[in-house]
Every structure is written in C-alpha cells, then in structure tokens.
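# Observations on chain architecture
The residues making up each chain are set out below.
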There are 2 protein chains.
Amino acid sequence: MLKHVVKMRPNDNVAIAVHDLHVGDKIKGDITVNDEIPQAHKIALVNLAKGDAVLRYGVVLGYAKSDIQAGDWINETSLELPPSPDLNKLTYGTNIRKDLPKPKRTTFMGYEVPGNKYAGTRNILGIQTTVQCVVGVLKIAVDRIKQELLPKYPHVDDVTVVSHQYGCGVAIDAPEAKVPIREIRNIVKNPNFGGQIMVVGLGCEKLTPDRILDPEDINDDNLLYLQNYKGFEKMITAIMEMADKKLAVLETHRRTEQPLSKLSVGFQCGGSDAFSGVTGNPSAGYASDLLVAGGGTAMFSEVTEVRDGVDFIAQRIPDQPNCNKLVKEMSWYDNYLAKGGVDRSANPTPGNRKGGLSTIVEKSMGSIAKSGTAPISQVVSAGEIPTKRGLIFNATPAGDFTTGPMQLASGMGLEVFVTGRGTPYNLQAAPVIKVCTRTDLKEFWSDLIDINAGKVATGDLTVEELGTELFNFILDVASGEKPAAERLKLYNDICIFNPAPMT
Amino acid sequence: MLKHVVKMRPNDNVAIAVHDLHVGDKIKGDITVNDEIPQAHKIALVNLAKGDAVLRYGVVLGYAKSDIQAGDWINETSLELPPSPDLNKLTYGTNIRKDLPKPKRTTFMGYEVPGNKYAGTRNILGIQTTVQCVVGVLKIAVDRIKQELLPKYPHVDDVTVVSHQYGCGVAIDAPEAKVPIREIRNIVKNPNFGGQIMVVGLGCEKLTPDRILDPEDINDDNLLYLQNYKGFEKMITAIMEMADKKLAVLETHRRTEQPLSKLSVGFQCGGSDAFSGVTGNPSAGYASDLLVAGGGTAMFSEVTEVRDGVDFIAQRIPDQPNCNKLVKEMSWYDNYLAKGGVDRSANPTPGNRKGGLSTIVEKSMGSIAKSGTAPISQVVSAGEIPTKRGLIFNATPAGDFTTGPMQLASGMGLEVFVTGRGTPYNLQAAPVIKVCTRTDLKEFWSDLIDINAGKVATGDLTVEELGTELFNFILDVASGEKPAAERLKLYNDICIFNPAPMT
Ligand SMILES: [Ca+2]
Ligand SMILES: [Ca+2]
Ligand SMILES: [Ca+2]
Ligand SMILES: [Ca+2]
Ligand SMILES: [Ca+2]
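In this text, all values refer to a predicted model and were calculated from it rather than measured experimentally. (Residues numbered from 1 in each chain as written. Chains lettered and ligands numbered in written order. Predicted model: local features only at pLDDT ≥ 70, side-chain atom pairs only at ≥ 80, totals over all residues. Heavy atoms only, no water.)

### Some remarks on the overall build of chain A
Short version of the rule: Going along the chain from the N terminus, every DSSP run of H or I of four or more residues is numbered as a helix, and every run of E of two or more is numbered as a strand. Each radius of gyration reported is based on C-alpha atoms, and the globular scaling rule is 2.2 Å times the count of residues to the power 0.38. Between buried and exposed lies partly exposed: a residue is buried under 20% and exposed over 50% of the maximum accessible area for its type, with that area taken using a 1.4 Å probe on protein chains only. Between two residues, a contact is recorded if the distance between any of their heavy atoms is within 4.5 Å. We get accessible surface area from the Shrake-Rupley algorithm with a probe of 1.4 Å; when it comes to residues, only the shown protein chains can shield them. Only four residue types enter the charge count, namely Lys and Arg as positive and Asp and Glu as negative; His and the chain termini do not. For charged residues, the charge sits on one atom: NZ in Lys, CZ in Arg, CG in Asp, CD in Glu.
Along the backbone of chain A there are 15 helices and 22 strands. Radius of gyration (C-alpha) of chain A: 24 Å, near the 23 Å computed for a compact globule of 503 residues. Projected onto its principal axes, the C-alpha coordinates of chain A cover approximately 80 × 45 × 40 Å. Going through the 503 residues of chain A one by one, you find that 63% of them count as buried. Nonlocal contacts in chain A, meaning residues at least 24 apart in sequence, comprise 71% of its contacts between residues at least 6 apart. Carbon and sulfur atoms form 51% of the exposed surface of chain A, whose accessible area is close to 17,500 Å². Across chain A, the mean location of the 54 positive side-chain charges is 3 Å away from that of the 59 negative side-chain charges.

### Thoughts on the domain arrangement of chain A
Residues and elements named next belong to chain A. For clarity, the threshold we go by: The source of the domain bounds is an automatic or database domain assignment. Buried area is calculated as the accessible area (1.4 Å probe) missing from two parts once they are joined, with the contributions of both summed. Salt bridges are identified by distance alone: a Lys or Arg side-chain nitrogen within 4 Å of an Asp or Glu carboxyl oxygen. N or O atoms closer than or at 3.5 Å make up a polar contact, with two conditions inside protein: a donor-capable atom paired with an acceptor-capable one, and, for residues adjacent in sequence, both atoms drawn from side chains.
For chain A, the assigned domains are domain 1 (5-82), domain 2 (124-251) and domain 3 (257-488). The C-alpha-based centres of domain 2 and domain 3 are spaced at 29 Å. At the junction of the two partners, domain 2 supplies 16 residues and domain 3 supplies 18 residues. Both sides of the domain 2 and domain 3 interface together cover about 1,200 Å² of buried area, and 51% of this is carbon and sulfur. The largest contributions to the domain 2 side of the interface with domain 3 come from R182, E183 and N186, which together make up 35% of the buried area. Seen at the junction of domain 2 and domain 3, the total is 0 salt bridges. Linking domain 2 to domain 3 there are 11 residue pairs in polar contact (both at pLDDT 80 or more). Secondary structure elements with two or more residues in the side of domain 2 that touches domain 3: β12 (158-162) and α2 (178-187).

### Brief notes about the coordination of the calcium ion (ligand 1)
Residue and element names in this part refer to chain A. Just so we agree on the cut-off: The donor set covers N, O and S atoms within 2.8 Å of the metal, switching to 3.2 Å for Na, K and Ca, and it leaves out water, so a site may look short of donors.
Looking at the calcium ion (ligand 1), one finds its protein donor set to be D214 (OD), E216 (OE) and D217 (OD), positioned 2.8 to 3.2 Å from the metal centre. Spacing between the donor residues of the calcium ion (ligand 1) along the chain follows D-x1-E-D. Relative accessible area serves as the criterion here: at 19%, D217 is assigned to the buried category.

### Topic: the relation of the copies chain A and chain B
Note the threshold: Least-squares superposition of the copies uses the C-alpha atoms of those residues scoring a pLDDT of at least 70 in each of them.
Rotating chain A by 180° and translating it 0.0 Å along the rotation axis places it on chain B, where the RMSD comes to 0.0 Å. Both copies of the chain, as the preceding transformation shows, are related through a two-fold rotation axis. Comparing interface residues between copies, 100% of those in chain A also lie at the interface in chain B; the contact surface is shared.

Next up, the structure:
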C-alpha cells in the first residue's frame, strides 16, 4: 500500500505530500485534493476558518489568512506568521512528557573506562595534538604505528591523529578562545580513547598543556614535544615508543555488558531535504526517546537550525537554570552572527520554500524532530561534557563537520547522521550511522547508507517501527558492528569551532 | 674568530650580543662592556645624551631616558617610546632604495604554465575540494591514484588533495566570507598545479563552483560531484578517471629555463627567537633583495607582527594607492582583533622582553627584516594574486600554518621559512625551505633544517654571504632540488583563514 501523505502528530491539521498530489486525488480515504500540491508540501486535513492555527509537529506554523478547505494546499502565502520567539520571554516546563516508550534492549557491549561517565564503543589510540605544526610528522609516525605496532595488539581497533588547525597563530586569551580550547580539552577525554592520554606538541605553541590537560595528566608519560628531539628519526622513535606503551594498555581492554546509562549518542542532520523533517528526523527522534527512556544520553545540537523553534525547546526544559542557559547560548549565537554581518532573515530560503518549508518555525521543527519528545535534562555549551544523562541540548554550530567533533568533545560514543541529499561524512574517533530520508537514496548509495527512513514515507514502516530499527542498530554499532562509512574507512578531519580571532 | 655583537645597519648606534656579555669584556675592539648583558640584548656602541634616538635596523626604537655610555646595556627601562604610528598619518615614499644588489643567477628551471603569471616549481596534480565532506572519499581515492596511476607518469611529482575545513556550515554571504573564498579560488590557480583544474564537491554545499572557478572552467571535465555517483565504488572510479586524464596532461610538462620574473617566493618566520631578527630574517631579506633586483617576486606577510613597524613599511611604498591599501588592510585587522576582544597592548610579551625585544617597534622590525630593503611594489589583500612583480606585502595573518596557504593563493611557487625554535611545518603543494637562526638548532635538527643562518652570529658569514647562499638554494629548489621537509614528506593541512561566522 502506498500512502500519499504523512501526518506528524495526532493533533496536526495538515499532512505532508509524499508525492506530487493532483486535483481530484483522494487521500486518507475521504479527503479530495483541491490543488496541484508539490511533493513534501502541506495539505489541509480539516476545514479551517480565517485566523485558525495551522498545526504541524503539534505546533503552530502560522494562522490561516483566509478560510481553508480540507484538501487545500497550504504554503507560505496562506499563513500569517506567529510572533518571533523572544528569548527573554520563553516559557519552560509546559511540555514535559512522562510516558516515554520503553526500549526492549537495555544494555550494550562497551568498553568501561575508569573515571569516565560513558563507556567506549571503540578501543582507539587517539594521539592528540596541541598544534597543527606537528601533523606532518605525526602522519608519518601513525602510518608506521599501523604497520609495525598495531598488528601486535588485536584488541585495539585503530590509531588516529586528533589533528586540528588550532593551537597557534590564534588569540589564545581572547574571550571566545574558551570555545576551541574546551573542545580540544574534552575530545582528549572521549571514552573511545580508553582513558589513555597521548599528546604530541611542538614546544613553542600557544596551546600549552595546562590548557588542555588536567594537572595530574601533564607528565612525560603522556606528553611529547618535537622540539625536544634531535631530528626527525628521533621524533618518530619517541612517538612510536609512547604509542607502544599506550597500545599495550588498550590491548587489555575488553567489551563488557554496559547499561544504557553508559552510552552517549550524538544526533545530527545534514544535506537535508524536504523529507528530513518527515521521515529521517522523526525516526531518529523515536530512537532518541527509547535511548533516553532506557537511561542513556542523547544529544542534539545545531543552534542556527533550531533557533526559530526555541520556544518549543524551552517548553521541554523542566527547570529555570537550564532554560536560562538555553537563552544565554542562543543569545551568544545571535550576537556572534550579528557581529559577523549575517542576515538571519534570509530563512527560509527560496529553496526551502520550494521544498515545502513555509516558515522558519517549520524549518526549525524539522531539525528539532530528531530530539524526539523527551524532556531536556540539560543544556550545555558547545563541547561541554554534560553532568546529567537523558536528552541534552548541546549548543553547537550546525555545520555537518563542525557538530560531530563538538559532540565528540561532549562524550559522544557514536553519532547518528540523518541525510537527505547524502554525505560520506564520517569520524575516525567514533562510528557514524547514516540514516537516509528517501528510499531512492538508499538504492543509489546502497554501500554508504545504513538505515532507510524512506520506508516511513512509503508506509512500509511507521516512525515507531523505523525508530526501533534504528535504536537496535545503534546498540549493535555501540557493541562493535561497523556501519557503512566505518567499513569503508572514510574519515573526516577534526574541524574545531573557533569564534575568536586568528592573529 | 668569534664575534660578540651583531650590528644590523650602518647607522645603528646599538648592537646585539651574540652571547652573554660580561662587565669588562671588549667588543668591536675598543668598547668595554659596562653591564652584565644577556644574549640577544642590546649594547650601546656610542655615547648617547638623554633624548637621543636609539637606532636599530636603522630605525628609532625609542629615545634615551638618560645619558648612556658606549658599552651600556639598553633595555625597555632605558627607552622613552616613540609615539605609536597613526594609520591615518603615514608617510610613504621616503625610503625608496634604488641600488639593490644584483644577483649573479637570473634564471631557474621551472614549469611554464600557459596563462599563469608564474612558472611552477613542481608538477603536481592538485585535487581541489569545495567542502570538507568529500575528504574521506578523496583520501582513499588519492591513495589509489598514487599506487595505481602515478607510476605511469614519471614526470609528475605528486598528487595532493587540497583539503580544507571550509565550504559549508559557514556564513557564505557574510561580508568577510570573501576572504576564505578568495583564498580557495586562488589556490586552484597556483602554478605548481600546472594549469590543470580538478575539483571534487559533494553537491549540496554552500561553496558552489561559480564561487571558486572562472565560468569557462566550470564543466564536467574539471568538476565532479559525489552526490551524482551511485555509491562509493563509482565515486572512486570517477575520481580516478578524471585524475588519469589530468595526469596525462601534466606528464607532458617539462622544466625549461625561466627568468626570475616567473618566480614567486613567500617569506615567513615562525617559532621565532631572539636571533630571528638578527640572523635568519636579515639573511632572508638579502635573498629577497636579490630576487627582487633580478625581476622576481618576493612576498612578505604577517600583519599582526609587522603592525607596529607599519610606518617603516609605508616609507618603502612609492605610491599613494598602495599606501592607502596598506592602511585599509591594517585597519581591517585592527578592527577584527578589537571585535574579538584581543588586547594588542600585550606586546612585547614578557618573553619577548627577556629575549631582548624592548619595544613593539623592535619586535616588528625583526619580522620586517625578512623583506629586505627593496621598495614595495604592491600591497595585496590576504590571498589576492598580485598584478605587479617585485616585493609584495601580502596582508595575511601571522600564524605559521595560516600564512603559507595564503601565500599559495597569491601564487607562491616556494616558501622560505625562518625558524628559531624549529618547526617541521611544510606544504605538499610547494616546497618549504627551512632557515634556522642559530647554529645549535642546525646541529640538533640536521635532517630538518636546510640553511643555517647562525653562521652570521658566529661571524663565519656575513648577512650578504648567507643571503646569497639562501638565494642560490631558492633557485636550486625552484629548479627541482628537494629541501629537507620535502624529502621527508612532511605535509601540513591547508588551513584556510575564515574571519566570517560559522553557522
Ligand atoms: Ca584526569
Ligand atoms: Ca541539520
Ligand atoms: Ca548539520
Ligand atoms: Ca613570524
Ligand atoms: Ca608566522
């Protein structure tokens, strides 16, 4: 059976066209289509009077400018916009769901890391860098480590250079330098590195070890400066000797059964299309709900994308301090963009409107959909490690290759990435599961996509069924199964977010 | 014979201690040392009355606060500072040198590139990227290109991915987005890529081809989008097929004798120490003078480092328009740093003072020294391609791994990097020559340093002799000889300068 429309929430009065709808088509059995409605656009499910609220995702997208009949096309010309959310007048705690769906599976096979809030999903030697200058030497050293040392340690999954473009030539004491420094500092602590600290620096960089390591971790067992070694060969030897010791410790680690409270999953969407908010993100949201109900941690992010749905985020925050933190983070970003001369009123773009996104609220709700329906237990700054479990809003930028490293810093053991257009993005430090929004992308990129949320649009699966399939795959991957991009060894750079000046 | 002090310019009234000087030591034959003077600090060569100008690099570092005797230590406590240079009151054209030293060698063996202002020093396939998302796939493709294709093309030096962290998740229409976009656009045109354009994109990124390619270059022969290929293997095949065609063209290229007017050299310093401005940079400056006198192009950069010597730069600019451009670029940077909350008054740092740099002017003059004494024929924005030849001031940031890619964008065929503390920094797209400032670094890093400017401090060579040695090595490397870091294949990332917001 082919469904023609998707309704997102029980009280919605519009649905989304899965294919182009034509005048006279029947949907939901009894509604006749009155207009030519493009794929992914909205159709009215009931008669609406002028001034009535138009509801999608259970929220008000706008108010009917004139009377609307069931079967009519609803687009940006049909809607009076709701007032823009004022950051200083947010209401919190009005939408706290208590009856989250419970997952059947409540454990995964992970690597316990003493002192770490989370368990690792992989057992990786992560060689951290203080500065880009050392990367050339490190790349050669890591090639040799992989060839000469890694075969001795069959229980270690991989060796990676956490190389970045920060560390020197930057305003290290500028107010916003705290953002990249916190990110690098916390990436060192990611559970997938098994608690082993290995940092390679140059020796004259601005990013000194005290900025990224705890005092007790700053010692010659963990930290190596190239300027202290007599030439290239000695550098390589020193790096390999330190790596050998760290690998020997990692080799003793084994997967053990871990409760979901030891798992942190980052959710993201990118290369989005009109179905991201219809199939992929809602399914990811259901998986997120299951994870949270089971005691795990789910992070969502992407400040610029969710900004115009901020009031719906606030409603899911139970307490004033976290609502204040949300306001602070959103205000910081508003100010950052304004200072850089960015025009926020350009949203939704003409492309978005053509894709069926009539208002900025609708666009934001599509992104927020991947956070499911759970209450938000904590709002954290970009790259901060949460102190709570449950659903976390991690206030990072929205760029596909910027958010992931930020979530790594916050403790992410694996990432779920929902994509409409398709991206081969992946991280070496944590597996990335790819969820596509349309069946044709799954068929086109069969070797790059793990989960096809397009089945929701075709009616083959419900959001709940697809979300459960994704949840189970998350636990499989957390336990060692390799998603497509990990099998192919597609690794992106660690792209650090630096809002402070370069010097 | 061991010299004890180095005098920078004929009319200087101070010199620099090569080693710690002790009370009673004799220097320059007839001057007796009156104080304990640390290495790299200044000693008075003549008696000075209160208010007399103290001259180093031929410029006023400050005015004597009280009477000074020949042999006295001069440090920050001895000097009344000259007024800070006002960008709106710069005088240009007052120091235009006409009698530059002429080089004996006037050609090199380079790769002529039709339509390019400069000749290549290498014959490299540079695979450009529009966005970080594609880098994972490209790294695998390039490994295969190197193994399976490159051996067929013995006249091609290398294949490199010009990978960067820009392209999406950025405010692409923000006013300052022009900086990273210009940089990427012009890197594509670097002469070392032999005029062959190969760009790999994803398909939904913000950095569209029209932003980085000329209209006539946007076609299927040059541009490949991963989203158009049915899965990973097809992507790899497509990349390899395009690379094969480009490599076949590059294979036909041969080195031919080129005039110096076809050579552009970027000069930089990093990991600087107290001798950078005494030995390494002045020697680089002499090589720069020879290159300019021979009709070539020498670029110097590093706005934040030269900022406080801006009036001495202006004096070497013959014309009003380029002086105006200098003011505009410096003002832009002042404003950029101020917006980011950077405190410029932190210079010179306590470390700088301890190293003998008494004033911000002295610090700047050390950096400017690598530009030699030639008139400045053009001031260009960061990443802009000069329209003139000769000495170019390229207004880039000063970070070691930021300046190089910017100079690549401006057409640099090779880089000269002066280092005090030592850095393994290198680029894959252009060879980098390492000049060290002290003999002990050359001995310590014998396999990483090409030219030892420490011989100037020990009196084994004059600045002119060492500068000539460097000039000759520049031409050898431009003609194909490999400097140390190229032999070792130490490659840093292409770090793009993006002063606009991330979104
Ligand atoms: Ca610790
Ligand atoms: Ca997104
Ligand atoms: Ca994203
Ligand atoms: Ca410098
Ligand atoms: Ca530098």
